[in-house]
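# Notes for the structure review
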Amino acid sequence: MHALVVVAHPNSGSFSHAVANHIGQGIEDAGPEHSFELADLSEEGFDPRFNQDDIAAFEMRAPFPDDVLAEQRRIDAADTLVLVFPIYWWSMPAILKGWIDRVFSNGWAYEDIDGEKVIKKLNHLKVHLVAIGGAGLGTFARHGYFGAMNLQIHQGIFDYCGIEVATSELMLLADGNDPAEHLKKARNIGAAIPAKVTRPELEMAG
Ligand SMILES: Cc1cc2nc3c(=O)[nH]c(=O)nc-3n(C[C@H](O)[C@H](O)[C@H](O)COP(=O)(O)O)c2cc1C
């Protein structure tokens with residue numbers, strides 16, 4: 001099993017990075033046949049701005065730009081995606097939203113047939129989400145922010161492309177939560193990821 005662990009935080013010393021690294025360690029704990037690549041979008045300088053070339057590709061008038069193709073290739077190489085991100089304005093940060101806007105495009109992630117039918121093209125993939133927030137659980141509960149975010153991300157993005165949301169975790173740093181406990185949980189999430197992948201060859205091997 002190979003996972004692409006995407007982290008979307010500008011600071012490599014961030015808690016988001018620590019969580020992503022612990023998930024990676026967990027994947028490695030699960031056995032030497034399991035691997036991961038860390039995609040640090042800020043560090044790699046991914047440009048999240050949807051541009052004219054992206055529109056041309058979206059409308060299937062031109063091939064995808066090279067940087068988008070490179071992202072699609074590394075997703076193609078993975079069985080599982082893991083997205084780790086700080087919550088900004090009750091949603092994902094702009095760099096991650098732009099990564100999805102540009103990479104999960106018409107013709108590759110799904111195909112819009114004459115505006116009448118949508119073919120989901122990423123049914124082989126699973127995704128694990130870890131959203132990290134600064135607010136307390138009471139604020140999330142009072143306004144229904146986690147449910148709103150999940151509806152948009154789970155259904156609006158991943159289900160649209162056929163990707164199963166395998167786990168979705170909210171990690172809050174307020175309310176006296178111990179960051180070390182979150183990191184322990186992150187490692188456990190990573191260790192459990194391979195078992196959630198049901199590629200035919202893995203089933204046969206098992
Ligand atoms: C621009 C911005 C918007 C934010 N919006 C939210 C928010 O809507 N809800 C929330 O719980 N925390 C919000 N936060 C707090 C971040 O989620 C929190 O600082 C981050 O997850 C903690 O990780 P870090 O210390 O590694 O940055 C926001 C932070 C920034 C910088």
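Above this text is the structure in question.
Overview of the structure. (Residues numbered from 1 in each chain as written. Predicted model: local features only at pLDDT ≥ 70, side-chain atom pairs only at ≥ 80, totals over all residues. Heavy atoms only, no water.)

Right, let's get into the pattern of salt bridges. Enumeration over the complete set of coordinates arrives at 14 salt bridges. Asp29 is the salt-bridge partner of Arg187, the closest N and O atoms lying 2.8 Å from each other. With a gap of 158 residues between them, Arg187 in helix α8 (residues 179–192) and Asp29 in helix α1 (residues 15–29) connect regions that are remote in the sequence. The closest approach of N and O atoms between Asp101 and Lys97, which form a salt bridge, is 3.0 Å. Within this pair, Asp101 and its partner Lys97 are both found in helix α5 (residues 94–103), separated by 4 residues, close to a single helical turn. The exposure class of Asp101 is partly exposed, given its relative accessible area of 31%. Overlapping salt bridges, with partners in common, bring together Glu37, Glu44, Glu71 and Arg74 in one network. (Salt bridge = Lys/Arg side-chain N within 4 Å of Asp/Glu carboxyl O. Helix = DSSP H or I, 4+ residues; strand = E, 2+ residues; numbered from the N terminus. Buried < 20%, exposed > 50% of the residue type's maximum accessible area, 1.4 Å probe, protein only.)

Pairing is parallel in the open sheet, where 5 strands are placed in the order β2-β1-β3-β6-β7. Each having just a single partner strand, β2 (35–40) and β7 (164–172) make up the two edges of the open sheet. The sheet shows a mean angle of 15 degrees between the axes of neighbouring strands, taken without regard to direction. Here strand β1 (residues 2–7) runs beside strand β3 (residues 80–86); their pairing, made up of 5 bridges, is parallel. Paired with Val5 across the bridge in β3 is Val82. (Pairing = 2+ DSSP bridges. Axes fitted to C-alpha atoms, helices over the stretch in contact; angles between N-to-C directions.)

Turning next to unusual backbone geometry. The phi dihedral of Trp89 falls on the positive side, at around 55 degrees, and the residue is not glycine. Relative to the helices and strands, Trp89 is located in the loop between β3 and α5. The phi angle at Asp175 is positive, at roughly 60 degrees, despite the residue not being glycine. On the secondary structure map, Asp175 appears in the loop between β7 and α8.

Before going further, it helps to spend a moment on the site of the ligand. In the vicinity of the ligand, 14 residues are found, and the nearest of them are His9, Ile87, Trp89, Trp90 and Ala135. The separation between an oxygen atom of the ligand and a polar main-chain atom of Phe15 is 3.0 Å. Between an oxygen atom of the ligand and a main-chain N or O atom of Gly134, the distance comes to 3.1 Å. Protein contacts shield 65% of the accessible area of the ligand, which totals 630 Å² for the unbound molecule. Of the residues that constitute the shell around the ligand, the class distribution is 10 nonpolar, 4 polar and no charged. (Near = heavy atom within 4 Å. Polar contact = N/O pair within 3.5 Å; in protein donor to acceptor, adjacent residues only side chain to side chain. Areas by Shrake-Rupley, 256 points an atom, 1.4 Å probe, with all protein chains shown as cover. Nonpolar A, V, L, I, M, F, W, Y, C, P; charged D, E, K, R; others polar.)

Helix length check: α1, at 15 residues, gives a terminal C-alpha distance of 21 Å against a target of 21 Å (1.5 Å per residue), a fit within 8%. All buried positions along α1 are accounted for by Phe15, Ser16, His17, Val19, Ala20, Ile23, Gly24, Gly26 and Ile27. The secondary structure elements touched by the buried residues of α1 are β1, β2, β3, β6 (126–133), β7 and α8. (Expected span 1.5 Å × (residues − 1). Contact = heavy atoms within 4.5 Å.)

All right, on to the environment of Asp29 then. According to the relative accessible area criterion, Asp29 is partly exposed, its value standing at 46%. C-alpha of Asp29 to C-alpha of Ala191: the two residues are 162 residues apart in sequence and 6.0 Å apart in space.

Our next topic: a nonpolar patch on the surface. On the surface, Phe50, Ile55 and Phe58 cluster together into a nonpolar patch covering about 240 Å² of accessible area. Relative to the helices and strands, Phe50 resides in the loop between α2 (41–44) and α3 (52–58). The exposure class assigned to Phe50 is partly exposed, which follows from its relative accessible area of 36%. (Patch = residues over 30% accessible without salt bridge, like charges linked within 9 Å, V, L, I, M, F, W, Y side chains within 5 Å.)

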